[in-house]
Amino acid sequence: MVVLDPGHNGGNAAHPDLINRQVPAGFGQTKACNTTGTATDRGYTEHAFNWDVTQRVRRILTARGVTVLLTRRDDVGVGPCVNERAAIGNRARAAAVVSIHADGHPGGHGFHVIEAARPPAGAAVAAAAHRLAAAVHDRYAAEAGFAPSTYVGSNGYDPRTDLAGLNLSSQPAIFIECGNMRDADDAARMTSAAGRQRVAQAIADGILRYLALTPPR
Ligand code: ZN
């Protein structure tokens, strides 16, 4: 079982009351339930990109016999909250949890993979999460058409301690920021269906490589 977590949701912007409430984010932190995400300068939204790429990854994995569960059922709802997204992967005892996002940084371009800087679930899960991160990072760098980030982290990796989806996961979990929507070249690739298919194929290839390396748990 692989859980794919398309970041944000299309109804979030219309429901600030729901998404702004604070929820547990791990290690004593709290965070907003959910956020609206970013968009390209021409208005293509991150939640729509995340949803579309997730559908494409799901189709590729399903065709290869992998069972896939998503954290939301469409792109017009609200949430779920970040702690609930983590709980979905935990309840499924997912072999891998991949949160799919795009960044909105002013300046710079490229992708990055986010790992838990404080792994919450023991050495074996942390090692599996790192294998997942490396597999997705390497396939993405080779296939997706995006350079490693020029503005955050190091060589396309950015360990963080503030993400509920990582801090609250008992399963191997990563985030991928597929590109920078505020960069014109990245945005052009993300706005095109062919570009998103390339992104999805790279993510799916990384997940498949990880699954081949990692015995079922
Ligand atoms: Zn996002």
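To keep things clear, this report deals only with the structure shown in the data block. (Residues numbered from 1 in each chain as written. Predicted model: local features only at pLDDT ≥ 70, side-chain atom pairs only at ≥ 80, totals over all residues. Heavy atoms only, no water.)

Quick notes on empty space enclosed by the protein
Right, on to step 1. Scanning all chains against the criterion turns up one cavity of 30 Å³ or more.
Right, on to step 2. Its volume calculated, the largest cavity comes out at about 40 Å³.
Right, on to step 3. Lining the largest cavity, in full, are Asp5, Thr71, Arg85, Ala86, Val97, Ser99, Gly165 and Phe175.
Right, on to step 4. Sorting the residues of the lining of the largest cavity by element identifies α3 (82-91) and β5 (96-103) as the ones contributing at least two each.
Right, on to step 5. Of the residues contributing to the lining of the largest cavity, the split by class is three nonpolar, three polar and two charged. (1 Å grid on protein atoms, 1.4 Å probe; cavity = no way out; pocket = protein on both sides within 12 Å on 5 of 7 lines; lining within 4 Å. Points joined across faces, edges and corners; volume = space filled by probe spheres on them. Helix = DSSP H or I, 4+ residues; strand = E, 2+ residues; numbered from the N terminus. Nonpolar A, V, L, I, M, F, W, Y, C, P; charged D, E, K, R; others polar.)

Some thoughts on the coordination of the zinc ion
Right, on to step 1. Distances from the zinc ion to its protein donors, namely His8 (NE2), Glu46 (OE) and His101 (ND1), fall within the range 2.1 Å.
Right, on to step 2. Donor residues for the zinc ion, ordered by position in the chain, follow H-x37-E-x54-H. You can see His8 sitting in the loop between β1 (2-6) and α1 (16-19) and its partner His101 sitting in strand β5, a full 93 residues away along the chain.
Right, on to step 3. Judged by relative accessible area, His8 falls into the buried class, the value being 8%. (Donors = N, O, S within 2.8 Å, 3.2 Å for Na, K, Ca; no water. Buried < 20%, exposed > 50% of the residue type's maximum accessible area, 1.4 Å probe, protein only.)

Here's the deal with the state of the cysteines
Right, on to step 1. Per the stated rule, a full pass over the model turns up one disulfide.
Right, on to step 2. Here Cys33 is linked by a disulfide to Cys81, with a sulfur-sulfur distance of 2.2 Å. Here the disulfide of Cys33 and Cys81 is left-handed, its torsion about the S-S bond being about -90°. Here Cys33 is found in the loop between β3 (29-32) and α2 (46-63), whereas its partner Cys81 is found in the loop between β4 (68-70) and α3, with 48 residues between them in sequence. (Disulfide = S-S within 2.5 Å.)

Description of the nonpolar core
In summary, soluble globular proteins display a tendency toward joint burial of nonpolar side chains.
Right, on to step 1. Counting 40 residues, the largest nonpolar core has Val57, Tyr140, Ile176 and Ile203 as the members making the most contacts within it.
Right, on to step 2. Elements with a minimum of two residues in this core: β1, α2, β4, β5, α4 (123-143), β7 (173-180) and α7 (193-213).
Right, on to step 3. The dominant element in this core, judged by the number of residues it contributes, is α7, at eight residues.
Right, on to step 4. Residues in contact with Tyr140, not counting those within four places in the same chain, are Phe111, Gly145, Phe146, Ile176, Cys178, Val199, Ala202 and Ile203. (Core = buried A, V, L, I, M, F, W, Y, C linked by side-chain atoms within 4.5 Å. Contact = heavy atoms within 4.5 Å.)

Some words on the pattern of salt bridges
Close approach of charged atoms allows side chains with opposite charge to pair.
Right, on to step 1. What the rule picks out here adds up to ten salt bridges.
Right, on to step 2. Between Arg72 and Asp75 there is a salt bridge, and its shortest N-O distance comes to 2.7 Å.
Right, on to step 3. Exposure remark for Asp75: the relative accessible area of 16% places this residue in the buried category.
Right, on to step 4. Put simply, Asp162 and Arg160 hold a salt bridge, and the shortest N to O gap is 2.9 Å.
Right, on to step 5. Accessibility expressed as a relative area gives 23% for Asp162, which makes it partly exposed.
Right, on to step 6. Arg160 gets classed as partly exposed once you look at its relative accessible area, which sits at 25%.
Right, on to step 7. Through salt bridges with shared partners, a single network forms among Lys31, Arg160 and Asp162. (Salt bridge = Lys/Arg side-chain N within 4 Å of Asp/Glu carboxyl O.)

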